[in-house]
Amino acid sequence: MNKRLTRQLLVETGLRLLDEVGLDGLTVRRLAAELGVQSPALYWHIRTKQELLDGMADAIVLAAGMGPPRADESWQDWLARRARAYRASLSAHRDGARVVSGAASLSARAVELFESELDGMVARGFTPGLALRTITAVTHYVNGVVLHEQAGRTGHSDVRPGPTLLAAVRESGGPLGDDGFEHGLRALVAGTAQALANTS
């Protein structure tokens, strides 16, 4: 590959390799080979593998479309939309949730957009602290759901489930999937509404 090396090219190539080989197979040496260069050439743009992963995490987070609620959008609708978009962005890449969960830092642009989200929530009656806790709780929830989904666990074990667990799985379809995700999201939104009411 003869393209001029840039940080953006490294991040984009890293994301493509992530989809092919997964996080455990992604190395700086493999990235250099994919770009047709020696590993030291990459260090003009990234100093460590963690710095590469931080750039990849940042790209995944920004792809979810950060930003405050629209003028005609309730905070409840915005929070649900934000959570769904974030889940889709994490799920778009193999091990995407692991990459983002392991990030050491994000870009100034991501921090700026996060600040605008907090401002939008404060404008809708949240205290800064409740706004921060709400976005953090939703972020951790989505990370956890996608980590579990991407781990590919089936939930099978040698332990025989009891009748109530069997009935629960038959009724709900199990804890994973869109229905399970939406149930948890509704619970988070409802809990936030109650916390917001308690602050007024």
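Further up the page is the structure itself.
What comes next concerns the included structure. (Residues numbered from 1 in each chain as written. Predicted model: local features only at pLDDT ≥ 70, side-chain atom pairs only at ≥ 80, totals over all residues. Heavy atoms only, no water.)

**Topic: the packing of helix α8 (residues 128–151) against helix α10 (residues 177–199)**
Put simply, the rule reads: Only the contacting stretch of a helix is used when fitting its axis, a line to C-alpha atoms as for every element, and angles between N-to-C directions run 0 to 180 degrees. A helix here means a DSSP run of H or I that spans at least four residues, while a strand means a run of E at least two residues long, and both kinds are numbered starting from the N terminus. Throughout this description, any angle smaller than 35 degrees is read as roughly parallel, any larger than 145 degrees as roughly antiparallel, any in the 65 to 115 degree range as roughly perpendicular, and the remainder as oblique. Throughout, a crossing is termed right-handed when the near helix is turned clockwise from the far one, and left-handed when it is turned anticlockwise from it by less than a right angle. Between two residues, a contact is recorded if the distance between any of their heavy atoms is within 4.5 Å.
Contact geometry of α8 with α10 gives a least axis separation of 11 Å together with a crossing angle of 165°. Considering the angle they form, α8 stands roughly antiparallel to α10. Considering how the two elements wind past one another, α8 and α10 form a crossing that is right-handed. Every residue of α10 that contacts α8 at L130, T134, A137, V138, Y141, V142, V145 and E149 is listed here: G177, G180, F181, G184, L185, L188, T192, A195, L196 and T199.

**A word on the layout of surface pockets**
Cut-off, in case you're wondering: The distinction between a cavity and a pocket rests on a 1 Å grid over the protein atoms alone: a 1.4 Å probe fits inside a cavity but cannot get out, while a pocket stays open yet meets protein on both sides within 12 Å along at least five of seven lines, and a residue with an atom within 4 Å of a point counts as lining. Grid points are joined across faces, edges and corners, and a volume is the space filled by probe spheres set on the points.
Estimates place the volume of the largest pocket at around 500 Å³. Around the largest pocket, the lining is made up of 22 residues, and of these V61, Y86, V100, L106 and T139 lie nearest the centre. Elements represented by at least two residues in the lining of the largest pocket include exactly α5 (75–91), α6 (96–101), α7 (108–122) and α8. No other element matches α8, which puts five residues into the lining of the largest pocket.

**Some remarks on the nonpolar core**
Just so we agree on the cut-off: What is meant by a nonpolar core is a set of buried Ala, Val, Leu, Ile, Met, Phe, Trp, Tyr and Cys residues, joined one to another through side-chain atoms within 4.5 Å. Any residue under 20% of the maximum accessible area for its type is buried, any over 50% is exposed, and the rest in between are partly exposed; the area is computed with a 1.4 Å probe on protein chains only.
L42, M56, L90 and V142 are the most contacted members of the largest nonpolar core, which totals 50 residues. For this core, the secondary structure elements donating two or more residues are α1 (7–25), α2 (28–35), α4 (49–63), α5, α6, α7, α8 and α10.

**So, the pattern of salt bridges**
Condition: Whenever a carboxyl oxygen of Asp or Glu lies within 4 Å of a side-chain nitrogen of Lys or Arg, that contact is scored as a salt bridge.
Summed over all chains, the structure comprises 13 salt bridges. Here D24 makes a salt bridge to R98, at a shortest N to O gap of 3.1 Å. Note that D24 is positioned in helix α1 and R98 in helix α6, a separation of 74 residues in sequence. What makes R98 partly exposed here is its relative accessible area of 36%. The partner of E112 in a salt bridge is R109, with the nearest N and O atoms 2.8 Å apart. Taken as a pair, E112 and R109 lie in helix α7 at a separation of three residues, close to a single helical turn. Relative accessible area serves as the criterion here: at 44%, R109 is assigned to the partly exposed category. Several salt bridges share partner residues, and in doing so they unite R7, R47 and E51 into one network.

**Observations regarding the packing of aromatic side chains**
To keep things clear, this is the line we draw: Think of it this way: a Phe, Tyr or Trp ring, Trp meaning its six-membered ring, pairs with another when their centres are within 6.5 Å, and the plane angle makes it stacked under 30 degrees, edge-to-face over 60, tilted otherwise. We call a charge positioned over a ring when the NZ of a Lys or the CZ of an Arg lies within 6 Å of the ring centre and within 35 degrees of the ring normal.
Here the structure, examined in full by the defined rule, presents two aromatic pairs. Aromatic pair W75 and F126: ring centres 5.1 Å apart, planes at 85°, arrangement edge-to-face. With W75 in helix α5 and F126 in the loop between α7 and α8, the pair connects residues that are 51 residues apart, well separated along the chain. Relative to F181, the ring of Y141 has its centre 5.5 Å away and its plane inclined at 20°; by these criteria the two rings are stacked. Here Y141, found in helix α8, pairs with F181, found in helix α10; they are 40 residues apart in sequence, far enough to count as distant. Judged by relative accessible area, F181 falls into the buried class, the value being 2%. Directly above the ring of F181 sits R87, whose terminal nitrogen or CZ lies 4.4 Å from the centroid.

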